[in-house]
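Residues per chain, in single letters:
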Amino acid sequence: MDPVLIIVIVAIVAILVIGILIYNGLVQKRLRIDEAFAQIDVQLKRRHDLIPNLVAAVRDYMGFEQEVLTRVTEARAAAVAAGASGPVAQAQAENMLTGALRSLFAVVENYPELKANQNVLSLQEQLTTTENQISFSRQHYNAVVLDYNQTIATFPSLLLAGPLGFTRREFFAAEPEATEVPVVSLR
Amino acid sequence: MNFYQQISANRRNSFLLALVIVALLCALGFSIGFAISGAPEGGIAATSIALVIGILMALGSYFAGDRLVLGVSGAREVSQAEAPQLYNVVRELTIAANIPMPRVYVINDTAPNAFATGRDPGHASIAITTGLLQKLSREELQGVIAHELSHVRNYDIRFTLIVGVMVGSIALLADFFLRFTFWGGAGRRSRDRDSGSGGLQLIFFVVAIVLAILAPIAASLVQLAVSRQREFLADASSVELTRNPVGLQGALAKIATDPEVLEVANRATQHLYFANPIKKFEQRSSGLFATHPPILERINRLRDLSGERPLSPQEARLLSGL
């Protein structure tokens, strides 16, 4: 056989193998993003399920601050409803709920009998951990999105990513903690 | 470097270090064999024996080392119902670190400390003393657990198990040879032989003695240097996971100032812990033979990460006198 032909064949095979490896890597990274996103949803749902219990547990003690509880209940309802209307609306509603819960916990601090109630303490711990799980899931989601976006924007994956429809993914925006000041009544 | 690159760099370094230690083991085995028998075949035989013993011990520690360590430390596995907050904190951080949920153990001791062990993230255990649970806030507990889970995620736990045993088998072999020489075994045999290979045998005899003295020290120095480096890496990874340098700093300060000594820890398990469990604060100082970096330096590196001014020695004394 002609040595030039052999070189050409070897080169084509090598390029094909490299192409397949790059493609598989991209698919794997995209799957990681979807998995991370699904994880967040699970925890958001868990938080929605916990809130009615907490509201029921603290309602009897907090005679004068029904509006804090109403805010939490309304924010929860809005967050559940927003689940169907896209990630951006959902993130906004969930951040509202986070803010409402923070002000509720701040108010709980003013009631010694609530702070000593085992049921309330346990619910508070469960909500804290769910809250943390949500933010850690978002953090993990952002890490995998960053990894994926970097890969599709750099050589050599760049050559394949565009034609095969691997597009940039969006990050989760940080929660607007600084703007959401909890309403605390000092009696 | 992102998470994944850091982990693969770490695994590569572990592999290289294990190779160095295996080479040391082989060199020691060969020179001992040659020195005793006076022939290369004897050297090869002794190398094989040393390797087989080393591999068996490494395999044993790979599959059962975690149970041994947990058993020796008196750790008891706890359920979610028994320690809900601890479980919650661990679960939160497994999400951040993207690893499976490890088994959670509690050690009944008032000294605050913790360790992680196992062969990979899928077979990992994490143990916390009751003192740590009582003395730390939720935020500080989160910092410590994130540090331990970083050891799991970075495969430090596997490294610690296997390299610890390999270093141990070098020490064992060296010890065996030095005792053997002390009782005059090699001297008697070499006199029986003709002087043809005697010169070479004498050279290997000297080499074997030098190696038997130096190899265990060299191996443990390398192991300890890597161990200290990984404590810093785990501290940094802990902050990377929790996005909160204050919690871990608070935990370090509390542990540094705690006067109690962990009773179940010993020289074989001290390097596993979050902070050196045997020494007191003043003695937890820097040095070639230290398992952990000094706590003040760990705190100051964390403060550096968040752009804060390092603590002065006066403030450190204040910290230790709390």
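Every chain begins its residue count from 1, and numbering advances along the sequence as written. Chain letters and ligand numbers both follow the written order, the letters beginning at A and the numbers at 1. For a predicted model such as this one, the threshold for reporting local features is a pLDDT of at least 70, and the threshold for listing and counting side-chain atom pairs is 80 or more; totals across whole chains, interfaces and linings nevertheless cover every residue.

1. A closer look at the overall build of chain A
Turning to step 1, where the next piece is worked out: By the criteria applied, helices consist of DSSP H or I runs no shorter than four residues and strands consist of E runs no shorter than two, each listed in order from the N terminus. For chain A, the count of helices and strands is six helices and zero strands.
Turning to step 2, where the next piece is worked out: Reading the secondary structure of chain A in the N-to-C direction produces α-α-α-α-α-α.
Turning to step 3, where the next piece is worked out: For this measure, only C-alpha atoms enter the radius of gyration; the expected value for a globule follows 2.2 Å times N^0.38, where N is the number of residues. Taken over C-alpha atoms, the radius of gyration comes to 25 Å for chain A, far larger than the 16 Å a tight globule of 187 residues would show.
Turning to step 4, where the next piece is worked out: By its C-alpha atoms, chain A is 95 × 25 × 25 Å across when sized along the principal axes.
Turning to step 5, where the next piece is worked out: Across the 187 residues in chain A, those meeting the buried criterion constitute 22%.
Turning to step 6, where the next piece is worked out: Note that contacts rest on C-beta atoms placed from the backbone: two residues are in contact if these are within 7 Å. Once local pairs closer than 6 in sequence are excluded, the contacts in chain A between residues at least 24 apart make up 75%. Three exposure classes are used. Buried residues have 20 or more other C-beta atoms within 10 Å of their own C-beta, exposed residues have 12 or fewer, and partly exposed residues fall in between, all C-beta atoms being placed from the backbone.

2. A word on the overall build of chain B
Turning to step 1, where the next piece is worked out: Secondary structure summary: chain B contains eleven helices and four strands in total.
Turning to step 2, where the next piece is worked out: For chain B, long-range pairs separated by at least 24 residues make up 71% of all intrachain contacts whose partners lie at least 6 apart in sequence.

3. Some points on the pairing of strand 2 (residues 103-107) of chain B
Residue and element names in this part refer to chain B.
Turning to step 1, where the next piece is worked out: Strands are treated as partners if at least two bridges between them are detected by DSSP. Note: strand 1 (residues 75-77) against strand 2, three bridges, orientation antiparallel. Across the sheet, alanine 75 pairs through a bridge with isoleucine 107, a residue of strand 2.
Turning to step 2, where the next piece is worked out: In this structure, strand 2 lies alongside strand 4 (residues 124-129), joined through five bridges in parallel fashion. Looking at strand 4, one finds that arginine 103 is bridged to serine 125.

4. As for the nonpolar core
Turning to step 1, where the next piece is worked out: Core analysis: the largest hydrophobic core is formed by 78 residues, its most contacted members being Leu28, Leu93, Ala127, Met166 and Ile170 of chain B.
Turning to step 2, where the next piece is worked out: For this core, the element with the most residues is helix 6 (residues 156-182) of chain B, which contributes twelve residues.
Turning to step 3, where the next piece is worked out: Setting aside anything within four residues of it in sequence, one finds leucine 93 of chain B in contact with Gln142, Ile145, Ala146, Leu149 and Leu241 of chain B.
Turning to step 4, where the next piece is worked out: By size, the runner-up hydrophobic cluster in this structure holds 14 residues, among which are Ile51, Val72, Val107 and Val108 of chain A. As used here, a nonpolar core is made of buried Ala, Val, Leu, Ile, Met, Phe, Trp, Tyr and Cys residues. They are joined through C-beta atoms within 7 Å.

5. As for the interface of chain A and chain B
Turning to step 1, where the next piece is worked out: Listed by partner, the interface residues are eleven residues for chain A and ten residues for chain B.
Turning to step 2, where the next piece is worked out: Each residue gets one label: Ala, Val, Leu, Ile, Met, Phe, Trp, Tyr, Cys and Pro are nonpolar, Asp, Glu, Lys and Arg are charged, and the others, such as Gly, are polar. When its residues are assigned to classes, the side of chain A that touches chain B shows two nonpolar, seven polar and two charged.

6. Overview of the sheet that holds strand 4 of chain B
Residue and element names in this part refer to chain B.
Turning to step 1, where the next piece is worked out: Reading across from one edge, 1-2-4-3 is the order of the four strands in this open sheet, with mixed pairing throughout. For this open sheet the edge positions go to strand 1 and strand 3 (114-118), each flanked by a neighbour on one side alone. Adjacent strand axes in the sheet meet at a mean angle of 30° when their direction is disregarded.
Turning to step 2, where the next piece is worked out: In this sheet, strand 4 lies alongside strand 3 in antiparallel orientation, the contact comprising five bridges. Pairing of glycine 118 across the sheet is with alanine 124, part of strand 4.
Turning to step 3, where the next piece is worked out: Strand contacts of helix 5 (residues 138-153): strand 3 and strand 4, with the helix running at about 20° to strand 3, the strand carrying the most contacts. Simply put, an axis is a line fit to the C-alpha atoms, just over the touching stretch for a helix, and the angle between two N-to-C directions goes from 0 to 180 degrees.

7. Examining the packing of helix 8 (residues 198-242) of chain B against helix 9 (residues 245-257) of chain B
Residue and element names in this part refer to chain B.
Turning to step 1, where the next piece is worked out: Where helix 8 contacts helix 9, the two axes come as close as 8 Å, and the packing angle between them is 135°. On the basis of the axis angle, helix 8 is oblique to helix 9. Here Asp235, Ser238, Val239 and Thr242 of helix 8 lie close against helix 9, whose contacting residues are Pro245, Gly247 and Leu248.
Turning to step 2, where the next piece is worked out: Considering only residue class, the contact of helix 8 with helix 9 consists of three nonpolar, three polar and one charged. Note on terminology: angles under 35 degrees are roughly parallel, angles over 145 are roughly antiparallel, angles of 65 to 115 are roughly perpendicular, and the others are oblique.

8. Quick look at the environment of glycine 162 of chain A
Turning to step 1, where the next piece is worked out: Along the polypeptide, glycine 162 of chain A turns up in the segment after helix 6 (157-161).
Turning to step 2, where the next piece is worked out: On the neighbour-count criterion, glycine 162 of chain A (11 C-beta atoms within 10 Å) is exposed.

9. What about helix 9 of chain B?
Turning to step 1, where the next piece is worked out: Here the expected length of a helix is defined as 1.5 Å per residue gap, with one fewer gap than residues. Given a rise of 1.5 Å per residue, 13 residues ought to cover 18 Å, and the 19 Å separating the end C-alpha atoms of helix 9 of chain B matches this to within 8%.
Turning to step 2, where the next piece is worked out: Buried within helix 9 of chain B we find Pro245, Gly247, Leu248, Gln249, Ala251, Leu252, Ile255 and Ala256 of chain B.

10. Considering the environment of asparagine 149 of chain A
Residue and element names in this part refer to chain A.
Turning to step 1, where the next piece is worked out: Positionally, asparagine 149 belongs in helix 5 (residues 118-153).
Turning to step 2, where the next piece is worked out: Along the backbone, asparagine 149 and threonine 167 are 18 residues apart, and their C-alpha atoms lie at a distance of 8.2 Å.
Turning to step 3, where the next piece is worked out: Setting aside chain neighbours within four positions, we find asparagine 149 in contact with Arg168 and Arg169.

11. Notes on unusual backbone geometry
Note: most peptide bonds trans; most residues except glycine with negative phi.
Turning to step 1, where the next piece is worked out: With omega at 5°, the peptide bond leading from phenylalanine 155 of chain A into proline 156 of chain A counts as cis.
Turning to step 2, where the next piece is worked out: Among the structural elements, proline 156 of chain A can be located in the loop between helix 5 and helix 6.
Turning to step 3, where the next piece is worked out: The backbone of asparagine 98 of chain B shows a phi angle near 55°, a positive value even though the residue is not glycine.
Turning to step 4, where the next piece is worked out: Here asparagine 98 of chain B is to be found in the loop between helix 3 (84-97) and strand 2.
Turning to step 5, where the next piece is worked out: The residue arginine 243 of chain B is not glycine, and still its phi comes out positive at about 55°.
Turning to step 6, where the next piece is worked out: Note on placement: arginine 243 of chain B falls in the loop between helix 8 and helix 9.
Turning to step 7, where the next piece is worked out: We classify arginine 243 of chain B as exposed; it has 12 C-beta atoms within 10 Å.

12. Some details on the packing of helix 9 of chain B against helix 10 (residues 295-305) of chain B
All names here are of chain B.
Turning to step 1, where the next piece is worked out: Taken N-terminus to C-terminus, the directions of helix 9 and helix 10 make an angle of 165°; their axes are 10 Å apart at the nearest point. Put simply, helix 9 runs roughly antiparallel to helix 10. As for how helix 9 packs across helix 10, the hand of that crossing is left-handed. Facing Pro245, Leu248, Gln249, Leu252, Ala253 and Ala256 of helix 9, the residues of helix 10 in contact are Ile295, Arg298, Ile299, Leu302, Arg303 and Leu305.
Turning to step 2, where the next piece is worked out: Partitioned by chemical class, the residues of the contact of helix 9 with helix 10 number nine nonpolar, one polar and two charged. Take the far helix as the reference: if the near one is turned anticlockwise from it by less than a right angle, the crossing is left-handed, and if turned clockwise, right-handed.

13. A few points about the confidence of the model for chain A
Turning to step 1, where the next piece is worked out: pLDDT measures the predictor's confidence residue by residue and takes values from 0 up to 100. On average, residues of chain A score 82 in pLDDT, and 90% of them are at 70 or above.
Turning to step 2, where the next piece is worked out: Mean pLDDT values over the elements of chain A span from 78, in helix 4 (residues 112-115) of chain A, up to 88, in helix 1 (residues 3-59) of chain A.

14. Comments concerning the confidence of the model for chain B
Residue and element names in this part refer to chain B.
Turning to step 1, where the next piece is worked out: Confidence along chain B averages 81 in pLDDT terms, with 86% of residues attaining 70 or more.
Turning to step 2, where the next piece is worked out: Here helix 7 (residues 185-192) stands out as the least confident element of chain B, with mean pLDDT 49; strand 2 is the most confident, with 95.
Turning to step 3, where the next piece is worked out: Here the predicted complex carries an ipTM of 0.73, next to a pTM of 0.80.

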